[in-house]
Amino acid sequence: MRVFDHPEFDHHQQIVFGCDEASGLRAIIAIHDTRRGPALGGLRIYPYADEDDALTDVLRLSRGMTYKSALADLPLGGGKAVIIANPRTDKTPALLRAMGRLVESLGGRYITAEDSGSGEEDMRLIREETRHVSGLGHDGESGDPSPFTAHGVFCAMKSAVRYCFGRDDMKGLRVAIQGVGHVGAHLARELHEAGAQLVLTDVDRDSLGLLSDELGALSVAPEEIFDAEVDVFAPCAMGAVLTEGVAGRLRARAICGAANNQLATPVVAELLHRRGILYTPDYVANAGGVIEVEAQRHENYDRDAVMRHVERIAATVDEILARAQAQDTSPAGIADQLARERLQG
Ligand code: NAD
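Source: prediction; values computed, not measured.

Novice: Just to check I follow, could you spell out the overall build of the chain for this structure?
Specialist: If you tally the helices and strands in the chain, you get 13 helices and twelve strands. Rg of the C-alpha trace for the chain: 20 Å, near the compact-globule value of 20 Å for 345 residues, within the 12% margin. Projected onto its principal axes, the C-alpha coordinates of the chain cover approximately 55 × 45 × 40 Å. Across the 345 residues in the chain, those meeting the buried criterion constitute 55%. Considering only intrachain contacts with a sequence separation of at least 6, the fraction spanning at least 24 residues in the chain is 65%.

Here it is in structure tokens:
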């Protein structure tokens with residue numbers, strides 16, 4: 001395993017490999033950057049094929065959190081944690097408590113939260129061992145950040161639509177949403193209320209059917225979503241969905257969604273740009289969740305203030321799109337550039 005010269009290493013400050021024989025814990029915590037504050041990032045529990053896969057994933061995600069928090073103007077750095085385990089079969093209280101002790105050993109340099117494979121209940125168990133956990137909600141309310149993520153994507157999409165189509169409203173705008181899980185379903189409802197026409201897909205046919213009926217939306221098979229005759233494509237399922245093949249196939253003129261790491265390779269950003277498809281950088285559009293999770297850490301939680309902060313995502317998207325247009329380049333590279341400028345202070 002290569003660490004310091006790993007292609008995704010990107011000057012990580014600290015990488016911790018944690019092991020607990022009794023519970024079977026095998027975990028990696030990656031702290032990319034703490035210049036703006038403690039490194040906050042979710043805990044992913046996934047049955048990685050091997051340690052190299054786990055390391056690659058945690059490094060990529062952790063760097064992404066640094067950039068996301070910097071562009072969302074949060075007093076946070078970037079970090080992430082992974083446990084190599086199957087969340088359906090291997091997730092025991094002993095394993096989660098051992099993870100809590102590992103997080104505690106970092107003394108607050110890393111703050112954990114839920115991510116795919118881990119949920120609010122798991123965070124409560126981890127909380128028994130460390131207070132460096134967020135996303136547990138306030139005053140008995142759920143800590144689920146998805147509605148905030150969805151609202152941020154909605155605001156980012158409004159900016160992208162203004163740039164692309166020169167219009168301020170969503171009435172009649174045709175949007176294809178890939179994945180109607182936690183974020184996708186909230187986004188679909190918000191777009192429906194704003195008058196958009198929706199094309200939805202999901203591998204979970206039951207939830208897809210229910211939501212399509214509720215919103216009067218067209219539902220299509222997962223593979224057909226890329227060919228939908230729409231204005232905007234919103235990836236809200238998994239990462240690496242924008243491959244070279246998909247970039248050449250999409251009918252939409254704008255992309256704006258919640259999924260992390262949407263670009264399968266950096267080349268795709270260039271391809272989309274050449275095809276005249278506006279790509280809204282994922283970690284800018286989907287920062288609503290981390291804005292909410294950060295706010296939940298503080299005693300004086302104020303939901304309206306969180307919403308106002310989430311809505312500022314639109315201004316950041318405006319800035320990125322204006323610079324990208326002026327330089328005739330993809331917004332993806334401009335977002336990275338802007339994040340690095342903010343990190344430099
Ligand atoms: P989720 O698991 O609740 O929803 C994902 C949905 O996508 C599921 O319904 C799943 O069945 C569907 N799906 C999976 N593969 C698919 C495929 N090939 N085609 C169509 N549908 C498919 O997850 P979520 O919390 O809604 O998050 C969605 C994405 O947004 C993820 O990539 C996540 O990392 C990212 N994200 C989420 C948040 C948040 O607040 N939840 C914040 C930032 C980023």
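Novice: What is the right way to look at the UniProt feature "binding site: NAD(+)" (unreviewed entry) in the chain in this model?
Specialist: UniProt's feature table lists "binding site: NAD(+)" (unreviewed entry) at Gly-179, Val-180, Gly-181, His-182, Val-183 and Gly-184, given in the numbering used throughout. Here Gly-179 lies in the loop between strand 7 (174-178) and helix 5 (182-193). For Gly-179, a relative accessible area of 6% corresponds to the buried category. If we skip the residues at most four places from it in the chain, Gly-179 touches Gly-184, Thr-201, Asp-202, Cys-236 and Ala-237. Note on placement: Gly-184 falls in helix 5. Residue class for Gly-184 comes out buried when judged on its relative accessible area of 0%.

Novice: Just checking my understanding: could you explain the sheet that holds strand 8 (residues 197-201) for this structure?
Specialist: Adjacent strands of a sheet pair through backbone hydrogen bonds, lying either parallel or antiparallel. Overall, parallel pairing links the six strands, which are arranged 9-8-7-10-11-12 in an open sheet. Each edge of the open sheet carries a strand with a single partner, namely strand 9 (218-219) and strand 12 (278-279). Examined bridge by bridge, strand 7 and strand 8 share five bridges and lie parallel to one another. Within strand 8, the position partnered with Ile-177 by the bridge is Leu-200. This element, helix 6 (residues 205-215), spans strand 8 and strand 9 of the sheet and lies at about 170° to strand 8.

Novice: When you look at the packing of aromatic side chains in this model, what are you seeing that I'm missing?
Specialist: The geometry of an aromatic ring pair is captured by two quantities: the separation of the ring centres and the angle between the planes. According to the stated counting rule, one finds four aromatic pairs in the structure shown. When the centroid spacing of 5.6 Å and the interplanar angle of 75° are considered together, the rings of Phe-4 and Phe-9 count as edge-to-face. Judged by its relative accessible area of 71%, Phe-4 falls in the exposed class. Summarising the aromatic geometry, the rings of Tyr-46 and Tyr-48 are spaced 5.0 Å apart at their centres and angled 65° between planes, so their arrangement reads as edge-to-face. Judged by relative accessible area, Tyr-46 falls into the partly exposed class, the value being 45%.

Novice: What's the story with the site of the ligand in this structure? I'm lost.
Specialist: Neighbouring the ligand are 18 residues; Thr-149, His-182, Val-183, Asp-202 and Ala-237 lie closest to it. One nitrogen or oxygen atom from the side chain of Thr-149 is found 2.6 Å from an oxygen atom belonging to the ligand. Val-183 is positioned with one of its backbone polar atoms (N or O) 2.8 Å from an oxygen atom of the ligand. About the coverage of the ligand: the protein hides 72% of its 830 Å² of free accessible area.

Novice: Just checking my understanding: could you explain helix 4 (residues 146-165) for this structure?
Specialist: Owing to its 3.6 residues per turn, the α-helix brings residues three or four apart onto one side. The terminal C-alpha atoms of helix 4, which comprises 20 residues, lie 27 Å apart, in line with the 28 Å expected from a rise of 1.5 Å per residue. Across the 20 residues of helix 4, 15 count as buried, placing the element largely inside the fold. Looking one or two places after helix 4, you find Gly-166, whose phi comes out positive at around 65°.

Novice: Explain unusual backbone geometry to me, please; I cannot follow it from the model alone.
Specialist: Generally, phi is negative for residues other than glycine and the peptide bonds are trans, each holding for most cases. With phi around 45°, Asp-10 is a residue other than glycine that occupies positive phi space. Along the polypeptide, Asp-10 turns up in the segment before strand 1 (14-20).

Novice: Even after reading the chapter, I still don't get the packing of helix 11 (residues 303-311) against helix 12 (residues 313-326), so can you show me in this structure?
Specialist: Any two packed helices are characterised by how steeply their axes cross, that is the angle between the axes, and by the distance between the axes. Where helix 11 meets helix 12, the closest approach of the two axes is 4 Å, and the angle between their N-to-C directions is 10°. Taken together, helix 11 and helix 12 sit at an angle that is classed as roughly parallel. For the pair helix 11 and helix 12, the contacting residues are His-309, Val-310 and Glu-311 in the first and Ile-313, Ala-314 and Ala-315 in the second. Among the residues making up the contact of helix 11 with helix 12, the classes are represented as four nonpolar, one polar and one charged.

Here is what the cut-offs are and how they apply
Residues numbered from 1 in each chain as written. Predicted model: local features only at pLDDT ≥ 70, side-chain atom pairs only at ≥ 80, totals over all residues. Heavy atoms only, no water. Helix = DSSP H or I, 4+ residues; strand = E, 2+ residues; numbered from the N terminus. Rg over C-alpha atoms; globule rule 2.2 N^0.38 Å. Buried < 20%, exposed > 50% of the residue type's maximum accessible area, 1.4 Å probe, protein only. Contact = heavy atoms within 4.5 Å. UniProt positions renumbered as here; feature names shortened; annotations may be inferred. Pairing = 2+ DSSP bridges. Axes fitted to C-alpha atoms, helices over the stretch in contact; angles between N-to-C directions. Phe/Tyr/Trp six-rings, centres within 6.5 Å; stacked < 30°, edge-to-face > 60°. Near = heavy atom within 4 Å. Polar contact = N/O pair within 3.5 Å; in protein donor to acceptor, adjacent residues only side chain to side chain. Areas by Shrake-Rupley, 256 points an atom, 1.4 Å probe, with all protein chains shown as cover. Expected span 1.5 Å × (residues − 1). Parallel < 35°, antiparallel > 145°, perpendicular 65-115°, else oblique. Nonpolar A, V, L, I, M, F, W, Y, C, P; charged D, E, K, R; others polar.

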